[in-house]
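# A structural walkthrough
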Amino acid sequence: MFSLIRPFIFNIDPEKAHTLAIKSLKYNFVPEKFFKVENEEKLSISLFGKSIKNPIGLAAGFDKSGEVYNQMFKLGFGFVEIGTVTPKKQFGNSKPRIFRLEKDLALINRLGFNNDGSEVVKKRIENNLPTSLLGINIGPNKETADMSEDFLKCAKTFFPLGDYITINISSPNTTGLREFHKKEVLEKLLYKINLIREESNYKKSFLLKISPDIGEKNIDEIINLILKYKINGVILTNTTDNNRENLISSNKIESGGLSGKPLTNLSTNLIKRFYKDLKNKVPIIGVGGVDSGKSAFEKIAAGASALQLYTGMVYEGPMIIKKIKSELIEILNEKGFKNIQEAIGSYSENST
Ligand SMILES: Cc1cc2nc3c(=O)[nH]c(=O)nc-3n(C[C@H](O)[C@H](O)[C@H](O)COP(=O)(O)O)c2cc1C
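Residues numbered from 1 in each chain as written. Predicted model: local features only at pLDDT ≥ 70, side-chain atom pairs only at ≥ 80, totals over all residues. Heavy atoms only, no water.

Here the focus is empty space enclosed by the protein. One pass over the structure, following the stated rule, counts 1 cavity of 30 Å³ or more. Estimates place the volume of the largest cavity at around 440 Å³. In terms of lining, the largest cavity is formed by 33 residues, of which the most central are A60, N109, N238, T239 and Y310. If you list the elements that add at least two residues to the lining of the largest cavity, you get β4 (79–85), β6 (106–109), β11 (257–260) and α10 (311–316). Looking at side-chain class alone, the lining of the largest cavity contains 12 nonpolar, 19 polar and 2 charged residues. (1 Å grid on protein atoms, 1.4 Å probe; cavity = no way out; pocket = protein on both sides within 12 Å on 5 of 7 lines; lining within 4 Å. Points joined across faces, edges and corners; volume = space filled by probe spheres on them. Helix = DSSP H or I, 4+ residues; strand = E, 2+ residues; numbered from the N terminus. Nonpolar A, V, L, I, M, F, W, Y, C, P; charged D, E, K, R; others polar.)

Quick look at the structure:
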């Protein structure tokens with residue numbers, strides 16, 4: 001079905017196509033039965049204290065302002081992350097700001113955190129409680145005088161809501177944001193975030209979303225801080241500023257973050273690296289180029305406890321979730337794993 005309408009959708013500007021998708025999800029009933037998968041119980045996991053049907057999540061950026069998360073659960077996602085939400089509503093960068101790289105199965109975006117602002121999103125969630133696990137991804141406004149303060153404001157606003165909060169320090173489209181990957185800057189932020197968490201006995205899970213464009217020394221420092229400040233999960237990775245050399249689409253010259261196929265190995269390798277130190281301590285959510293059972297399994301075997309995707313759905317439509325789940329179950333059966341839990345980190349176990 002999607003392959004029939006795809007040429008029509010791909011004729012529309014990517015951001016208009018996205019707005020259309022959000023509108024039709026909002027107003028159309030999604031028949032859940034189309035998205036059912038046999039033996040899905042093999043994929044069920046427990047994540048941040050909640051049992052969910054499968055480990056495939058919707059990555060941040062699709063439902064930026066929390067308008068359609070319950071519809072996304074009906075499409076078969078096990079969990080959904082909304083955002084990035086900033087304290088105040090903002091328009092983002094000038095348009096056009098999303099580009100398809102069809103031949104590379106990739107996107108470049110420089111949206112710059114366009115969203116309705118934390119108060120509107122908060123009310124939306126209060127009036128439409130999530131039916132499964134919901135993550136809320138937070139970030140600073142572009143014009144802010146103090147980025148840390150913006151993170152803290154959003155953390156307080158969303159503290160009572162959802163199942164986890166993601167501190168997004170990794171989008172390449174907000175100048176200065178990636179400075180939070182530096183040890184001193186990150187430590188100051190996590191220290192302040194932990195004051196909020198202490199007050200309520202660390203009840204809410206806090207995750208950190210990391211850039212794929214970081215060096216080895218930086219990785220060690222970030223891992224140490226994740227452990228020191230009891231961060232509950234790490235999302236690997238956001239889009240990349242690099243990896244343009246082998247792209248073939250003419251849009252490769254656009255500035256912004258690259259997602260999809262060309263990001264796959266970069267993020268999987270980072271998952272392997274973080275898993276070495278975080279194994280059995282902090283769960284990893286793997287994201288970047290997941291578009292099949294094979295690419296999903298590779299990230300699980302590398303050490304991811306759960307996955308997220310965005311770009312794959314742009315190229316294959318909503319049935320991609322069912323496809324990935326069915327293929328993943330087949331792979332588990334072929335390899336003799338009783339369930340998904342057994343496969344987590346199996347790459348490193350086999351290779352050591
Ligand atoms: C159009 C677009 C907008 C995005 N917006 C956000 C965002 O607001 N916050 C965020 O943390 N990540 C954002 N991302 C990054 C995704 O969450 C994800 O980390 C990245 O796209 C890699 O996954 P994928 O290859 O499956 O798309 C965005 C990605 C795309 C393509």
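Take the packing of helix α9 (residues 293–302) against helix α11 (residues 320–335) next. One way to put it is that α9 packs onto α11 with a least axis distance of 8 Å and a crossing angle of 60°. Between α9 and α11, the angle falls in the class oblique. In the crossing of α9 with α11, the sense of the turn from one axis to the other is right-handed. Here G293, K294, A296 and F297 of α9 lie close against α11, whose contacting residues are I324, E327, L328, I331, L332 and K335. Per-class residue counts for the contact of α9 with α11 are 6 nonpolar, 1 polar and 3 charged. (Axes fitted to C-alpha atoms, helices over the stretch in contact; angles between N-to-C directions. Parallel < 35°, antiparallel > 145°, perpendicular 65-115°, else oblique. Left-handed = near helix turned anticlockwise from the far one by under 90°. Contact = heavy atoms within 4.5 Å.)

This brings us to helix α5 (residues 147–158). Since one α-helical turn is 3.6 residues long, residues separated by three or four positions face the same way. The end-to-end C-alpha distance of α5, which contains 12 residues, comes to 17 Å, matching closely the 16 Å that a straight helix rising 1.5 Å per residue would cover. A large share of α5 lies buried, amounting to 9 of its 12 residues. Of the positions making up α5, those classed as buried are M147, S148, D150, F151, L152, C154, A155, T157 and F158. Here the buried face of α5 lies against β4, α4 (118–127), β7 (133–138), β8 (164–168), α6 (183–199) and β9 (205–210). Regarding α5, its N-cap is D146, as a side-chain oxygen of that residue lies 3.1 Å from the backbone nitrogen of S148 further along. (Expected span 1.5 Å × (residues − 1). Buried < 20%, exposed > 50% of the residue type's maximum accessible area, 1.4 Å probe, protein only. Polar contact = N/O pair within 3.5 Å; in protein donor to acceptor, adjacent residues only side chain to side chain.)

What follows concerns α6. Under the 1.5 Å per step criterion, the end-to-end length of α6 is 25 Å for 17 residues, consistent within 8% with the ideal 24 Å. Taken as a whole, α6 has its buried residues at L186, E187, L189, L190, I193, N194, I196 and R197. Elements that come into contact with the buried residues of α6 comprise α5, β8, β9 and α7 (216–228). Just past α6, the residue N201 takes up positive phi, approximately 60°.

Once that is clear, we can look at the pairing of β4. Counting buried residues along β4, 7 of its 7 residues qualify, which places the element largely inside the surrounding structure. When strand β3 (residues 56–58) meets β4, the two strands line up parallel, connected through 2 bridges. If you follow G57 over to β4, its bridge partner there is F79. Running through helix α3 (residues 69–74), the crossover from β3 to the neighbouring parallel element β4 is right-handed. (Pairing = 2+ DSSP bridges. Right-handed = clockwise from strand over helix to strand, strands pointing away.)

For the rest of this paragraph, the subject is the site of the ligand. As a structural note, the neighbourhood of the ligand is formed by 24 residues, with A60, K64, T84, G289 and T311 the closest of them. Between the ligand and K209, the relevant distance is 2.8 Å, taken from an oxygen atom to a side-chain nitrogen or oxygen of the residue. Separating an oxygen atom of the ligand from a backbone N or O atom of T237 is a distance of 3.0 Å. When the ligand is considered free in solution it has 600 Å² of accessible area, and contact with the protein chains removes 98% of it. In a pocket analysis with a 2 Å cut-off to the grid points, the ligand is assigned to the largest cavity. Sorting the residues of the shell around the ligand by element identifies β4, β6 and β11 as the ones contributing at least two each. Of the residues contributing to the shell around the ligand, the split by class is 8 nonpolar, 14 polar and 2 charged. (Near = heavy atom within 4 Å. Areas by Shrake-Rupley, 256 points an atom, 1.4 Å probe, with all protein chains shown as cover. Sits in = over half its atoms within 2 Å of the grid points.)

If a probe as big as a water molecule is rolled over the atoms, it shows which places are left empty. Approximately 1,000 Å³ is the volume attributed to the largest pocket. If you list the elements that add at least two residues to the lining of the largest pocket, you get α1 (2–9), α2 (14–27), β5 (98–101) and α10. In terms of residues, the lining of the largest pocket owes the most to one element, α2, which gives 7 residues. In the lining of the largest pocket, the residues fall into 27 nonpolar, 5 polar and 3 charged. Contributing to the lining of the second largest pocket are 26 residues, with E15, H18, T19, R97 and N114 lying nearest its centre. In terms of residue count, the dominant contributor to the lining of the second largest pocket is α2 (8 residues). In the lining of the second largest pocket, the residues fall into 8 nonpolar, 7 polar and 11 charged.

The values reported here are purely geometric and, on their own, carry no functional implication.
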